[in-house]
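The residues making up each chain are set out below.
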Amino acid sequence: MTSVRLRKGLQNAEGSEDGAAHEDHVKLEHKLPSEGCASRRLWKTLSFTLGGTIAFCVGLLTSVYLATLHENDLWFSNIKEVEREISFRTECGLYYSYYKQMLQAPTLMQGFLGLMYDNKTESMRTINLLQRMNIYQEVFLSILYRVLPIQKYLEPVYFYIYTLFGLQAIYVAALYTTSWLLSGTWLSGLLAASWYVTNRIDTTRVEFTVPLRENWALPFFAVQIAAVTYFLRPNLQPLSERLALLAVFVSTFLFSLTWQFNQFVVLLQALVLFTLDSLDLLPALKVVLVELGVLCACLYLEACRPHPLPQRLALALQASRLYGVQIAGLLLVCALQFLNSMILGSLLISFNLSVLAARKLQKNLKTGNFLNRLGKLLLHLFVVLCLTFFLNNIIKKTLNLKSDEHIFKFLKAKFGFGATRDFDANLYLCEEAFGLLPLNTFERLSDTLLFCAYVFVLCITATAALAGALRNLSDPASQQSTGSTGKGAVSLKPETAYNLVHSIAFGLLALSTMRMKYLWTPHMCVFASSGLCSPETWALPLKAVRLYSPKRLCVLRYAAPILTLLYVSYKFWPGVMAELSELREFYDPDTVELMNWINSNTPRTAVFAGSMQLLAGVKLCTGRTLTNHPHFEDSSLRERTKAVYQIYAKRPAEHVHALLRSFGADYVILEDSICYERRHRPGCRLRDLLDLANGHMIDGPVQNDPDLKLADHPRFCEEIKRDLPPYTAFFTRVFRNKTFHVYKLSRNK
């Protein structure tokens, strides 16, 4: 069934006035057909050109701004190469080491084979790094650097970091575009970009964690959201639909390829679409094509092209085919990563299979009165959830997959389903980044008016969505395949409904886990700015207080963002300028001394044991072989890391020596910052977690469980420094400074 969409700026409060205004406008159009069309086309072209130019400039300026902050903070252009590499902390250094390894390989093929058959990342093992880690971006950049004629003008490290800062330009442009699509004016895009920059502490951390996987992936995720938002708009031309779906496919593929946690984010997005589909807040055809757009969208459109729209809508209701295609797409990504176990055992595959089965079992899901439909919906949700966890358990047990079990142990303990002594889960529980979102986050976001505007827009759109969902459940005929969801005074466009539920879902994720705020706060900028500039947002409160008129609506939707932009510029522009003028310098002489000593005094085949954060830097700066590393998504590596960390537990010298030698270690690095740690509270220090996992009583003012016992031996990292015979028989100190102690392991014991 087709519907007529009113032109922007012509919607009035009363239906009769709308009809009269529409008739008058149609008459005027008949009188002046060419003049009106030409002026509208010219204005649209000028607006698009100006808005696109601003998007490009804002993205470029943000990229330059973040690159400048990185330079000013480290004096990156002036420090030595080893200091540049040390500045890539923890897993960032590990990822960058593979880019460096590819560049140092004699040929591209040798470099590629070196990654596929790597025996230096984990001692006494040969692993396929392309399967285990998401490092295709490093491979691609290394190929580009070797092929392009830029070696004389640009150092490899600058090519790498400039690429990532360039992706930030795409990120901001995508946020700008999404806001523009939702509101209909590029002014909201400018406000979204301004909020992203002024709330930089809470929207990105790229300037100090450059190679982190999320910094590669999130720009593509933002592009995907923009493409989905555009695709959900009603009355798109077939070519526009195909191009939007192509953008969804490409961005989803790149997002999945560059981040190991892609399936959890896409699962949350799939739950958003499932919710909207169940409540009829998205057109059925659009839900189908969004699912299909993850992979094979173009094939589906090609197959549907000969059919007229009603027939295509009928075909679209056969949703089982759609989830099957999405599963095929996920399996293709899994194949590209050499059957990556995290994808095979992901909840996303199990969820899609469950929806397939539930749709087959439950016929006529969207028929009946309100109570009937509500009962069917709750039953459908229960069936899908039960099948999801059942299938996921069967798949993991059948294939013996344990790659992500530490994540579920962490979630189980975090949400109060029993205390745990599991070492891996407690490592996450004790990190501030995996705790609840601090309240001072909202204070910072409120200072820029972002959180205030977000709550205002969220309340109005959530009210409209709830009213539309209740109406659709009560009267299925009220939900049309095109146009807004709902009729009358309260209505919500499909693309707005999607972004609303998306924002709520990722907001709940961020509230539960602080590190996930970088998925929420950029979208908060988009949603708040688009809402302030959207006529639908202001129409509802104006109608509620009987003050609605097209002129008031127009004034509010443009005055609110302009005043907000002026306030943000006035209050935060001096701070931004001061930040750009503040100069610092990288300074870590102890780590530099350690890396230089390793390079000069140990054989290239030497194997080093130590903390996984430090060993990532050892791999990058020296190329030595490691016993363990920070990429934690492998069960055997987690067990090995726990064994190596016994150097900070209460263990005898011979036991620690036997463990380290079983992994082929020649040297072990002890860090005073871990052995005498004070950063975490008692009970959350690394040595405390090891004592707890080993069944030993924890040192300090903590309440120990009654079943814990006193250890039979002193703490290894403390006792070894006394150079007593039981320790000197197995370990010889070969290097020491204020931070690090390096011991060589004896081989004849």
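Keep in mind that this is a model prediction, so the values were computed, not measured.

Asks: When you look at the state of the cysteines in this model, what are you seeing that I'm missing?
Replies: Defined simply, a disulfide is a covalent bond joining two cysteines at their sulfur atoms. One pass over the full model with this rule turns up 2 disulfides. Covalently, C430 is tied to C684 through a disulfide, its sulfur atoms 2.0 Å apart. Between C430 and C684, the S-S dihedral sits near -75°, and the bridge is therefore left-handed. Taken together, the residues C430 in the loop between α22 (423–429) and α23 (440–447) and C684 in the loop between α33 (672–675) and α34 (686–694) connect sequence positions 254 residues apart. According to the relative accessible area criterion, C430 is buried, its value standing at 11%.

Asks: Looking at this model, I keep getting lost on helix α29 (residues 589–601). Mind explaining?
Replies: In an α-helix, one turn spans 3.6 residues, which is why side chains three or four residues apart end up on the same side. Helix length check: α29, at 13 residues, gives a terminal C-alpha distance of 18 Å against a target of 18 Å (1.5 Å per residue), a fit within 8%. On its buried side, α29 packs onto α3 (81–86), β1 (607–609), α30 (612–622), β3 (667–671), β4 (731–736) and β5 (740–745).

Asks: Help me out: how do you make sense of the packing of α29 against α30 in this one?
Replies: Helix packing for two helices is described by the angle between their axes and how far apart those axes are. Look at α29 against α30: their axes get within 10 Å of each other, and the N-to-C directions meet at 50°. The angle between the axes of α29 and α30 places the two elements in the oblique class. Seen along the crossing, α29 lies across α30 with a hand that is right-handed. Residues L594, M595, I598 and N599 of α29 touch α30, and the partners they reach there are L614, G617, V618, C621 and T622. When its residues are assigned to classes, the contact of α29 with α30 shows 6 nonpolar, 3 polar and no charged.

Asks: How should the confidence of the model for the chain be read in this particular structure?
Replies: When pLDDT drops low, the exact placement of atoms in the prediction is not to be read closely. On average, residues of the chain score 85 in pLDDT, and 86% of them are at 70 or above. Note on residues 1–33: pLDDT is under 50 here. Beyond four places in sequence and across chains, it has 28 contacts. Counting contacts from residues 479–483, a segment whose pLDDT is below 50, to residues more than four positions away or on other chains yields 15 contacts.

What counts as what
- Residues numbered from 1 in each chain as written.
- Predicted model: local features only at pLDDT ≥ 70, side-chain atom pairs only at ≥ 80, totals over all residues.
- Heavy atoms only, no water.
- Disulfide = S-S within 2.5 Å.
- Helix = DSSP H or I, 4+ residues; strand = E, 2+ residues; numbered from the N terminus.
- Buried < 20%, exposed > 50% of the residue type's maximum accessible area, 1.4 Å probe, protein only.
- Expected span 1.5 Å × (residues − 1).
- Contact = heavy atoms within 4.5 Å.
- Axes fitted to C-alpha atoms, helices over the stretch in contact; angles between N-to-C directions.
- Parallel < 35°, antiparallel > 145°, perpendicular 65-115°, else oblique.
- Left-handed = near helix turned anticlockwise from the far one by under 90°.
- Nonpolar A, V, L, I, M, F, W, Y, C, P; charged D, E, K, R; others polar.
- pLDDT = per-residue confidence, 0-100.

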